[in-house]
Amino acid sequence: MATDTPAESAQEGGPAATAPTEDAVRAALATVNDPEIHRPITDLGMVKSVGIAPDGAVDVGIYLTVSGCPMRDTITANVTEAVQGVAGVTRVSVELDVMSDEQRRELASSLKGGKAEREVPFAQPGSLTRVYCVASGKGGVGKSSVTVNLAAALAAEGQKVGVVDADIYGHSVPRMLGTDARPTQVEDMIMPPSAHGVKVISIGMFTPGNAPVVWRGPMLHRALQQFLADVYWGDLDVLLLDLPPGTGDIAISVAQLVPNAEILVVTTPQQAAAEVAERAGSIAVQTHQKIVGVIENMSGMPCPHCDEMVDVFGTGGGRQVAEGLTRTTGAEVPVLGGIPIDLRLREGGDEGKPVVLSDPDSPAGAALRDVAGKLAARQRGLSGMSLGLTPSNKF
Ligand SMILES: Nc1ncnc2c1ncn2[C@@H]1O[C@H](COP(=O)(O)OP(=O)(O)OP(=O)(O)O)[C@@H](O)[C@H]1O
Ligand SMILES: [Mg+2]
């Protein structure tokens, strides 16, 4: 741990007649590096005081970053040596103090170039925002469609809603919500565009021409961290995250970044899809996340000729997943609803107007609004608490 004490500034022949100036003492202190941070102690706010007596005796007050700092002796020795080298100094005494929490925070922030790493607001103990991860095991089961429709329906009911398109590979959410706006930056916050009253952010907004993004785990984690922490969401009632299919990195990242996020599992009635969905849902057991319920999508299609429902993708997948997850998690996982196959849902997605708004009374629109109503009925601000507090069994 080199301290850049200038060798040539050693005193020349006996005590000087005049006391040193404070500037000279501070200049000498600027040559002392913190042994661990390797930056001058003057830059780190570690110099508390400099007192100079007429006889050339110098008292230096030094803030240590933590009490019991293992480097205290080294710092004292280096400060003493540096100040002793100043012309006119007859004696040096160093008094140690400890930084306050506030000073430590300032130091941490200045070390990060003035940019303290922001915390994820939704993960704070006082957060009242309910965070739902929309997950499935298999691709193409309708996660993004369900996400945007639930978001739009909740916003239409007056809730403050945000959506994170965490499907970094797919990023279809902005299109489904009908926005191609780019986020704007204010200071170091990202302002999310808004569509149908829903604030939305997607990796697609940051890539030229919506080019597919091939990112590795740590970058995905960083992107998600930024989406959650650096985006100005304001005070949300609900935040929905559209996760990529499977049990990959993103699901784990979400669990780390927002441990109180709850899971909505989307499946189709198909046996195979149901099995995969159950596996994806059971990741929640490992991450100790709560599963709010299962949404069965493409559950039957109203016959265009009569009004009978046709089970295109089989039946019972949603119930099977819910029962399986109830067994694995040991907590009641309800089926929140079944969304029929409905051409208007796909068209709504393609046109950027969710079916819950364009055709709220269509079979899919009504079913999605019903699920949104159940989510809205869950009380705000009970995230992470037992579902026993919410009327889940009345769903
Ligand atoms: N209930 C439904 N009725 C008709 N079409 C639907 C329904 N649900 C989804 N679709 C259509 O199926 C396609 C896939 O849906 P979506 O993109 O929402 O699935 P996903 O699970 O997000 O897919 P991915 O895994 O690729 O992200 C879309 O074209 C969508 O419009
Ligand atoms: Mg999707």
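Up top you'll find the structure we're talking about.
No experiment lies behind these values; they were computed from the predicted model shown.

Here's the deal with the site of ligand 1
Inference 1: Lining the immediate surroundings of ligand 1 are 17 residues, of which Gly140, Lys143, Ser144, Ser145 and Asn297 lie closest.
Inference 2: Gly142 is positioned such that a nitrogen or oxygen atom in its backbone is 2.9 Å from an oxygen atom of ligand 1.
Inference 3: In the model, a nitrogen atom of ligand 1 is placed 2.9 Å from a nitrogen or oxygen of the Asp342 main chain.
Inference 4: In the complex, 77% of the free accessible area of ligand 1, which totals 620 Å², lies under the protein chains.
Inference 5: At the level of elements, helix 4 (143-156) and helix 10 (343-351) are the ones that each hand at least two residues to the shell around ligand 1.
Inference 6: Sorting elements by how many residues they give to the shell around ligand 1 places helix 4 first, with three residues.
Inference 7: For the shell around ligand 1, the class distribution of residues is seven nonpolar, six polar and four charged.

Looking at the sheet that holds strand 3 (residues 91-98)
Inference 1: Reading across from one edge, 1-2-3 is the order of the three strands in this open sheet, with mixed pairing throughout. With partners counted over all chains shown, the strands left at the sheet margins are strand 1 (47-52) and strand 3, one partner each. Going across the sheet, the axis of each strand differs from the next one's by a mean of 15°, ignoring polarity.
Inference 2: Here strand 1 runs beside strand 2 (residues 57-64); their pairing, made up of five bridges, is antiparallel. Across the sheet, Val50 pairs through a bridge with Val60, a residue of strand 2.
Inference 3: In the packing of helix 1 (residues 22-29) onto the sheet, the strands contacted are strand 1 and strand 2, and the crossing angle to strand 1 comes to about 140°.
Inference 4: Its contacts with the sheet put helix 2 (residues 72-84) on strand 2 and strand 3, and the angle it makes with strand 3 is roughly 145°.

Quick notes on the pairing of strand 12 (residues 290-297)
Inference 1: Taken across its eight residues, strand 12 has eight buried, putting it largely inside the fold.
Inference 2: The sheet contact formed by strand 11 (residues 262-267) and strand 12 spans six bridges and is parallel. Bridge pairing in strand 12 places Val265 opposite Val294.
Inference 3: For strand 12 and strand 15 (residues 335-339), the ladder comprises four bridges, and the chain directions are parallel. Bridge pairing in strand 15 places Glu296 opposite Gly338.

Considerations on helix 4
Each full turn of the α-helix corresponds to 3.6 residues, which orients residues three or four apart in the same direction.
Inference 1: Over its 14 residues, helix 4 extends 20 Å from the first C-alpha to the last, a length consistent with the 20 Å expected when each residue adds 1.5 Å.
Inference 2: Of all 14 residues in helix 4, 13 are buried, a share of seventy percent or more.
Inference 3: Immediately beyond the C-terminal end of helix 4, within one or two residues, lies Gly158, with a positive phi of roughly 95°.

Here we look at the pattern of salt bridges
Inference 1: For the structure shown, the criterion picks out 11 salt bridges.
Inference 2: Across the salt bridge formed by Arg26 and Glu22, the nearest N and O atoms sit 2.8 Å from each other. Taken together, the residues Arg26 and Glu22, both in helix 1 and four residues apart, mark about one turn of the helix.
Inference 3: With relative accessibility at 32%, the residue Arg26 sits in the partly exposed group.
Inference 4: The closest approach of N and O atoms between Arg378 and Glu262, which form a salt bridge, is 3.2 Å.

Some details on the sheet that holds strand 11
Inference 1: With mixed pairing, eight strands are arranged side by side in an open sheet as 8-9-5-10-4-11-12-15. The open sheet terminates on both sides in strands that have one partner only, identified here as strand 8 (194-195) and strand 15.
Inference 2: With respect to the sheet, helix 4 is in contact with strand 4 (130-135), strand 5 (161-165), strand 9 (198-202), strand 10 (238-242), strand 11 and strand 12, its orientation differing from that of strand 10 by roughly 165°.
Inference 3: Lying on the sheet, helix 9 (residues 317-329) is in contact with strand 11, strand 12 and strand 15; it crosses strand 12 at an angle near 165°.

Calculation criteria
Residues numbered from 1 in each chain as written. Chains lettered and ligands numbered in written order. Predicted model: local features only at pLDDT ≥ 70, side-chain atom pairs only at ≥ 80, totals over all residues. Heavy atoms only, no water. Near = heavy atom within 4 Å. Polar contact = N/O pair within 3.5 Å; in protein donor to acceptor, adjacent residues only side chain to side chain. Areas by Shrake-Rupley, 256 points an atom, 1.4 Å probe, with all protein chains shown as cover. Helix = DSSP H or I, 4+ residues; strand = E, 2+ residues; numbered from the N terminus. Nonpolar A, V, L, I, M, F, W, Y, C, P; charged D, E, K, R; others polar. Pairing = 2+ DSSP bridges. Axes fitted to C-alpha atoms, helices over the stretch in contact; angles between N-to-C directions. Contact = heavy atoms within 4.5 Å. Buried < 20%, exposed > 50% of the residue type's maximum accessible area, 1.4 Å probe, protein only. Expected span 1.5 Å × (residues − 1). Salt bridge = Lys/Arg side-chain N within 4 Å of Asp/Glu carboxyl O.

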